[in-house]
Every structure is written in C-alpha cells, then in structure tokens.
Amino acid sequence: MNIAVVGLSHKTAPVEVREKLSIPEPLTESAIAQLVSYPHITEAAILSTCNRLEIYIVAHETEQGIREVTHFLAEYSKLPISSLRQHLFMLLHQDAVMHLMRVSAGLDSLVLGEGQILSQVKNTHKLGQQYNGIKTILNKLFKQAITAGKRVRTETSIGTGAVSISSAAVELAQMKAQNLAACRVTILGAGKMSRLLVQHLISKGAARIRILNRSMGRAEELARQFPENSIQIHPLSEIMSVISESDLVFTSTSATEPIIDRAKLEIILEPTKPLMLFDISVPRNVHSDVNELSNVQAFNVDDLKAVVAQNHESRRKMAQEAQALLEEEVSSFDIWWRSLETVSTISCLRNKMETIREQELEKALSRLGSEFGDKHQEVIEALTKGIVNKILHEPMVQLRSQQDLETRRSCMETLQTLFNLDVEEQYS
C-alpha cells in the first residue's frame, strides 16, 4: 500500500484549466465512488477549491493507481491526457503526506497563511468519510493534517492578519479604483467569500454596497451581519440592471458557466461608462470576452498574484517556523504508518491464540458433562479470554511502540517463527 496525491493548483495550471477540473460538492459522492471502483485504489479523498483540485489515494500498486486517477481527471474534464498531464503534479507517500500538511497549514496557498483552506480540508475529510472513500489510512492522514493546520495557526503568527482571496480582491480593487468610498459596489453571491468581501470593503471605506443572490433569504442574512451599514439586496434576476448602475462588481457564485459576458454588457452599458469586474469564482462567473469592451476591465483569481506578492516576503520567516511544526506532524504520522506492518502479525497471533482457546475450552466443557450450567460456562469463557488477553497485551504493546524499524521487523520474524504464523500482509 502507498499514499499518493495527484492534482493541480494555481502554481501549475491557469484558471481556464482549473475550472474544468473543479468538482462541486454535489458531485463529490459520484466522483469518489468512481475512484474507489478502480481495481488499484482502496481509498480516495477529493480536495476541490478555487485554487486547487487534489485527489488523495491509497493504492495497491502506486503507478497503476496514479494512472487510474489521471484517466478519471481526463474523463471528467474532457481534456486529452497529453495536454492535462503538463498541468498535473504527482507526489508519493512522504512527499504526499508533507504536501497535505502544508496545504492544511496554508503554506501552499496563493495567499500565504490563508485561513479558509483548513475548513476546506476538514470538509474534504468529512465528505470522504460520508461517501466511504476515506478509511483507516486517509482517516489518520487527514486527522493529522487538520491537527497540523491548527497547530500552525495557534503556535505561530502566520495567521495574524493573513489576507484571504476576498481581501486580496478588495486590495486589488482599491489599487485600481483609488477611492472605494466613491464607488457603487455590487457583489454577486451571498456565501462565505461574499461575506468576507463585504467585511473588507467596509474596512476600506466602501459605503454603497449591493448584494445579488438567487436566494433572497441568504442575501438578507448576509446583510443583517452588517447592521451599521445600509446594504441593499436584490434578486439575481435583476443582475444586468444593477450592474448598469455599478462601478465595481465582485462575483462569487457557484455557477458552473459564465453569468456575465460581452453580449450582455453591450446592451446595458453606455460606451463611455467604465466598469471593473473582479471574478473570484472557479469556474469563472465572467467570460473572458468582456475584455474586448474598451470601457470594461475584468480580473480573475490569477490576477491577484501581484497583490499577494507584496505580503509574501514579510511572512516568509513565519512560514519557516510553521515548517518546523509540520516536520513534527509528518514524523508522528510516519511512526503510525510504520507500525501498520505489525498489524498482520498481531492479528494472526491473536487469531491463533483464540483458536487454541476455543478448542481447549470445548474439550474441558465436554469432560465436565451436560449438568455443568450455562452460568459456569460463561465464567470459564470469560476467564480463558482474560488469560489470553493478558498474556498477549505486553508483547503487542512493545511490538507496536518499537520505533527502530530493524528491531521491529526482527521481533515480528521471531514471533512468526516461534508460533508458526502464516501471516498475510494487510499493509505494505
């Protein structure tokens, strides 16, 4: 068995490729079911965000498992494997473990130290368990990664004032528009990203904010979180009329196709009226053809890199501190992983002892005769089980806790020889 991750991110693929490989939550169950149906994959988890898609697997044959994941991604995205492969990264075992730790801690994010990714890793773990993709090994790995992410945020300062994708988008808007207080701002969507947009816009002085959403209830709930600000809400059906009266538009919806394009804007915009669009959705909400209009400027998540770069250098030292903590968490996982090779020997020995116990108990009970009551049989059953468990307890503890690989293997070989165990490897 081995752990591997196959994926792509803002570091390896542009947004037009990432949006083809975005797996929304409603499709996660069927995607996991397909992955674990492949002959070489026993566990699978899917981490899909606006900046990455990563598939973690446990495979019988690592090379075959990676090939099956690549086939799945090509089939899902409808991209030929030849063009998809140039955007993919593949990491095996120790590197895959460290990568998830770094992701969970926000060290691999576009915005270094980003906080939202930890909740996304938690959600990946939850969905993987719910849809039977995560079992023993990935369960331990994701729990360790979540612990690592929490430690980094509580034991270092990397999360202090860490900008999110939303705040980076607002900073970019401030750079382009100069005076946010004078701008009429519209936000499409009413989810977590939109809440962060409102929060950062208000902190930068924006005063005229409108929210459009398909569900008016969610839009109203978002507006209520900022009672001191007069935020207007509109149904999404009014999108084009509201945009025509806006200076800045931020989009953060779950739409899988663009909801704003050149044709729609041409109808509503005066030729001399400027408009800036900031699309932080993946898949994109804004079609790239809007840039063909001379009075429109459109920016997507990949355009945030210049803003993020300004914050990166000051956070580099904090990232080094965080890396040291992650090394500890990786080491802890590695100790657990190496202890798995004792499972087969321990299980085989326990089964053999149980078989002997049952055989000897049956002989003893037959000699005692039928007049021997059920209550007495239960007492003897419990007694013999207790004896076996106490005899096995200390050797099993010592075997599991032995950190030296050669010593542990020598102990297992001795047990297998002394008790003539026919061990079938469960993890290798």
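Here is what the cut-offs are and how they apply
Residues numbered from 1 in each chain as written. Predicted model: local features only at pLDDT ≥ 70, side-chain atom pairs only at ≥ 80, totals over all residues. Heavy atoms only, no water. UniProt positions renumbered as here; feature names shortened; annotations may be inferred. Helix = DSSP H or I, 4+ residues; strand = E, 2+ residues; numbered from the N terminus. Pairing = 2+ DSSP bridges. Axes fitted to C-alpha atoms, helices over the stretch in contact; angles between N-to-C directions. Contact = heavy atoms within 4.5 Å.

As annotated in an unreviewed UniProt entry, the protein is Glutamyl-tRNA reductase from Aetokthonos hydrillicola Thurmond2011. UniProt's Pathway (unreviewed entry) comment on the protein is quoted here verbatim: "Porphyrin-containing compound metabolism; protoporphyrin-IX biosynthesis; 5-aminolevulinate from L-glutamyl-tRNA(Glu): step 1/2." Here is the UniProt Catalytic activity (unreviewed entry) comment for the protein, exactly as written: "(S)-4-amino-5-oxopentanoate + tRNA(Glu) + NADP(+) = L-glutamyl-tRNA(Glu) + NADPH + H(+)".

In this structure's numbering, the residues bearing the UniProt feature "domain: Quinate/shikimate 5-dehydrogenase/glutamyl-tRNA reductase" (unreviewed entry) are residues 171–307. Secondary structure across residues 171–307 comprises 31% helix and 20% strand; the distance between its end C-alpha atoms is 7 Å.

The sheet built from four strands is open, its strands ordered β2-β3-β1-β4 with antiparallel pairing. For this open sheet the edge positions go to β2 (41–49) and β4 (89–92), each flanked by a neighbour on one side alone. Shown here is a sheet whose adjacent strand axes are inclined to one another by a mean of 15°, direction ignored. Strand direction decides the pairing type here: strand β1 (residues 2–9) and strand β3 (residues 52–59), joined by eight bridges, are antiparallel. From the neighbouring strand, Leu-8 faces β3, where its bridge partner is Leu-53. Against the sheet, helix α2 (residues 28–37) touches β2 and β3, its axis set at about 145° to β2.

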